[in-house]
Amino acid sequence: MSDTPICSAKGCRADAVWVLAWNNPKIHTPERRKTWLACEEHREHLSQFLGVRGFLKDVVLLKEWEEGSSATDG
Ligand SMILES: [Zn+2]
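This is a predicted model, so every value here is computed, not measured.

Engineer: Outline the overall build of the chain, listing residues and values.
Structural biologist: Along the backbone of the chain there are two helices and three strands. In the chain, the succession of α and β elements from N to C terminus is β-β-α-β-α. When each of the 74 residues of the chain is scored for burial, the buried share is 22%. Across the chain, every contact between residues at least 6 apart in sequence was considered, and the portion connecting residues at least 24 apart equals 60%.

Engineer: Explain the sheet that holds strand β1 (residues 18-22) residue by residue, including any values.
Structural biologist: In spatial order, the strands read β2-β1-β3; together these three strands make up an open sheet with antiparallel pairing. Of all strands in the sheet, those with a lone pairing partner are β2 (34-38) and β3 (56-61), marking the two edges. Across the sheet, the mean angle from the axis of one strand to that of its neighbour is 25 degrees, orientation sign disregarded. Pairing of β1 with β2 involves five bridges; the strand directions are antiparallel. Its bridge partner lying in β2, W22 is registered against K34.

Engineer: Go over the environment of C7 with me, naming the residues and quoting the values.
Structural biologist: You can see C7 is positioned in the segment before β1. What makes C7 buried here is the crowd of 22 C-beta atoms within 10 Å. When the C-alpha atoms of C7 and E41 are compared, they prove to be 9.4 Å apart, with 34 residues separating the residues in sequence. Residue contacts for C7: discarding those within four places in its chain leaves C12, A14, A16, L37, A38, C39 and H42.

Rules of the game
- Residues numbered from 1 in each chain as written.
- Predicted model: local features only at pLDDT ≥ 70, side-chain atom pairs only at ≥ 80, totals over all residues.
- Helix = DSSP H or I, 4+ residues; strand = E, 2+ residues; numbered from the N terminus.
- Buried ≥ 20, exposed ≤ 12 C-beta atoms within 10 Å, placed from the backbone.
- Contact = placed C-beta atoms within 7 Å.
- Pairing = 2+ DSSP bridges.
- Axes fitted to C-alpha atoms, helices over the stretch in contact; angles between N-to-C directions.

Remember, this is a structural readout, not a statement about activity or role.
As structure tokens, then:
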């Protein structure tokens, strides 16, 4: 009904609130940003997953992300 983005966590259908911007230096150029979406509940879990691998670059509110960037890439 709405096109509200959904959390990227497996099996989660909650509205996304956060954008996790990440980069895997082994496969991405340094300026490349992949994005995951997260609800409040999964923000910590997902950012930890990326953080321990050294991939996590930025965590921003979805609202702010959409204002500051037109490209999402999943
Ligand atoms: Zn979630």
